Amino acid sequence: MRHIISILLENESGALSRVAGLFSARGYNIESLTVAATEDPSLSRMTLVTRGSEDVIEQITKQLNKLVDVVKLLDLTEGPHIEREMMLIKLKATSTARDELKRLVDIFRGHIIDVTSSTYTVELTGTGEKLDAFIQAVDSDDILETVRSGVSGIARGEKSLHV
Amino acid sequence: MELTGAEILVRCLKDEGVEYVFGYPGGAVLHVYDALYQQEDVKHILVRHEQGATHAADGYARSTGKPGVVLVTSGPGATNAITGIATAHMDSIPMVVITGQVHTWAIGSDAFQEVDSVGITRPCVKHNFLVKDVKDLAITIKKAFYLATTGRPGPVVVDVPKDVTAQRTEYSYPKEVSIRSYNPVLKGHPGQIRKAVDLMLTAKKPMLYTGGGVILSGAQNSLTEMTRMLGFPITQTLMGLGAFPATDPQSLGMLGMHGTYEANMAMHHCDVLVAIGARFDDRVVGVVKYFCPEAQIIHVDIDPSSISKSVKVHVPIVGDVDHVVKEMIRLIREDKRKPDPVAPMQQLAQWWDQINEWRSVNCLKYDRASALIKPQYVLETLYRLTEGDAYVTSDVGQHQMWAAQFYKFDKPLRWINSGGLGTMGFGLPAAMGVQLAHPDATVACVTGEASIQMCIQELSTCRQYGLPIKIINLNNRYMGMVRQWQEFFYEGRYAMSYMDALPDFVKLAESYGHVGMSIDKPADVEPALREALKLKDRLVFMDFITDQTENVYPMIAQGKGHHEMHLSPERELA
Ligand SMILES: Cc1cc2nc3c(=O)[nH]c(=O)nc-3n(C[C@H](O)[C@H](O)[C@H](O)COP(=O)(O)OP(=O)(O)OC[C@H]3O[C@@H](n4cnc5c(N)ncnc54)[C@H](O)[C@@H]3O)c2cc1C
Ligand SMILES: Cc1ncc(C[n+]2csc(CCOP(=O)(O)OP(=O)(O)O)c2C)c(N)n1
Ligand SMILES: [Mg+2]
């Protein structure tokens, strides 16, 4: 099962490597990982996507909680939540295909944020599946570069992860 | 008044009540050594290798329950300490290790004797710190001791760059510290405890399985009280020996790979298993699907990640052993189903009959008529002559298992060995820490001719500080534990397990200024031990030339269940 784990972490050098080190040392997989400081400069927020059986996920959350730098965590997939990922994708856009590409970007509610005579750079936000679908929809020969942010997530409703 | 970082460091240790620091100097910690030199409160023990410093601090901790403290230099000083840090980490031993580091401005430049100590030690510490500003030093040391000694204990490394030890600031040692992300749970959940007691009082074939957590919690008294009150059989892990008296009729001895027949059979057949401060290690569990097939399992542990890690349990209780067991006792007392206070075992008579039948197999029996010295005999004699009251450290191998089986520990903190990491070289330096903590006690180091050579240099430390350790070298000219596996599982192809070119241990001991003895006849074992134990102020190295072919029994081979033990050839059941 795929799980999205949100972590509030002490914003200290080395904290990220404790989390990453835990995953490699114990053989857990990381599908994506994003991290940045929060409005409270002493805390970082990390979103980690992993896969594993219920037993493995239970161990992962326990082991994460055991790290002294982990202040709090929440398995978002246990409740209703929103997940978003951002992608920057640079596409070949030659004269004949330009209009069609523009329409496709509109359908996916993306933005063209940089243009040259032969390329478009597109910004797209959504679930991982939506980004996958966009990639499927364009001709793979036309993709020059993709940059994905990894998943960020937040619980729906009034539930919030804070100190 | 402003103090330098080095002075602050030493003052912190003093204010923390540290008696001994085990260490080795070098460039990055010279300021600290200079500060140590100018005071007398904190005593420094100079080892001969940094691995020895960590094991000595570890032995000190295991035999006192207080944290062990280590001081080493940057680079090779820190890397030499790793084995000892990992050893303490696997067995949850409280330790604070201070490593010197290159100047802050040189960090990351491949400077002389620079290693990323925080990075290298990260996987084998409870936590670690790099101190970049002298203003953070005292609070960091306080946090290090707090983390090392609370919750599930463990080693904490504090990496201190040289310039930080030279900077000055005001000193005051914080009385208390709290860390917002770290709040170990002590009291167990009342509902869960009630559920557990309910299961315990209705069990027909109950079993207590207790481990190192009981000793770490200091819960021997409450555990003993509860066990006697319930009349349950009890088995202990290698790490838990001594938390309940081994000579008590309710004790079935150690369980697991080299545990007793009665303990393992009782595990296999019990209907309620109460695991307390034990972590279901693979040497104990064997194959998960064969483990306690009939039992409802209760597990008390302070570390939630120990619970249901390998074996799924039915009643998890997160909390400190002493707190939880005391609460259990209270509930049992109030309960009308409580066992008869005069004859608590009576209620379980059928179960005890069965257990006594398993006991009658006498699984630890060995050949007493042998013309060769049997290692078991040496340990039995040591037990008898020390009246079970010695501190016993051990290395790793067959001798370790025999010591665990034949020395009956009635008290905690007496059996000092590396269980989780299984570190050869542990025994002698650990004994130094134990002897310093208990100067008048008999401290025996049970070792093998292979293990002892891994930290043999510490004989020099023992000489310098006059540590009268009794070294019991069970010399079988083999890495016996390795040889045993090769005999059983590799058709007797003894690849690299023969110990060739051994030193003359008697002369070796003498060259360090100690007493050496070589014993090769069974009849000489007792007189030699008596003589050695009489030499109260000398280290005696006793080289026992033992039967090379002796194996450790019982043994559960890999992939087998608790009920499928091998007994010794004479004892093998049909
Ligand atoms: C050659 C060799 C052979 C071995 N053979 C055997 C064998 O036959 N049988 C055997 O038992 N072992 C054997 N071992 C040892 C084995 O590898 C493990 O080290 C041992 O079984 C672990 O013991 P434990 O479960 O008591 O856990 P420990 O490592 O002592 O862990 C303690 C547990 O208690 C918890 N705890 C700590 N403090 C508290 C507290 N205050 N309150 C509550 N819980 C707390 C911890 O979280 C942890 O889960 C062998 C080792 C070697 C080297
Ligand atoms: C540092 C280290 N290296 C290797 C091992 C693997 N090992 C376990 S027991 C053993 C042999 C120990 O021999 P000895 O000290 O003579 O004890 P004996 O088994 O003969 O009693 C070895 C090599 C280990 N535990 N630790
Ligand atoms: Mg040997």
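Please refer to the structure higher up on the page.
Just so it is clear, the model here is predicted, and its values are computed rather than measured.

The rules behind these values
Residues numbered from 1 in each chain as written. Chains lettered and ligands numbered in written order. Predicted model: local features only at pLDDT ≥ 70, side-chain atom pairs only at ≥ 80, totals over all residues. Heavy atoms only, no water. Helix = DSSP H or I, 4+ residues; strand = E, 2+ residues; numbered from the N terminus. Buried < 20%, exposed > 50% of the residue type's maximum accessible area, 1.4 Å probe, protein only. Contact = heavy atoms within 4.5 Å. Areas by Shrake-Rupley, 256 points an atom, 1.4 Å probe, with all protein chains shown as cover. Near = heavy atom within 4 Å. Polar contact = N/O pair within 3.5 Å; in protein donor to acceptor, adjacent residues only side chain to side chain. Nonpolar A, V, L, I, M, F, W, Y, C, P; charged D, E, K, R; others polar. 1 Å grid on protein atoms, 1.4 Å probe; cavity = no way out; pocket = protein on both sides within 12 Å on 5 of 7 lines; lining within 4 Å. Points joined across faces, edges and corners; volume = space filled by probe spheres on them.

1. Some remarks on the overall build of chain A
When its secondary structure is counted, chain A shows 4 helices and 9 strands. Ordered by position from the N terminus, the helices and strands of chain A form the series β-α-β-β-α-β-β-α-β-β-α-β-β. The 163 residues of chain A split such that 41% are buried. Considering only intrachain contacts with a sequence separation of at least 6, the fraction spanning at least 24 residues in chain A is 73%. Total accessible area on chain A stands at roughly 8800 Å², and carbon and sulfur atoms take up 51% of it.

2. Considering the site of ligand 1
All names here are of chain B. In the vicinity of ligand 1 lie 36 residues, with G212, T237, R279, D301 and D320 positioned nearest. Between an oxygen atom of ligand 1 and a side-chain N or O atom of D301, the distance comes to 2.6 Å. Taking G419, its main chain carries an N or O atom lying 3.0 Å from an oxygen atom of ligand 1. For ligand 1, whose accessible area on its own is 990 Å², the fraction buried by protein is 97%. Mapped by element, the contributors of at least two residues to the shell around ligand 1 are α9 (212–217), α12 (282–285) and α16 (398–406). Of the residues contributing to the shell around ligand 1, the split by class is 13 nonpolar, 16 polar and 7 charged.

3. Considerations on empty space enclosed by the protein
Residue and element names in this part refer to chain B. Scanning the model with the defined rule gives 1 cavity of 30 Å³ or more in all. Taken as a whole, the largest cavity spans an internal volume of roughly 30 Å³. Together, L9, V10, L13, V21, V32, L36, L71 and I98 line the largest cavity. Looking at the lining of the largest cavity, the elements that each hand over two or more residues are α1 (5–15) and α2 (30–37). It is α1 that provides the largest number of residues to the lining of the largest cavity, a total of 3 residues. Its residues assigned to classes, the lining of the largest cavity comprises 8 nonpolar, no polar and no charged.

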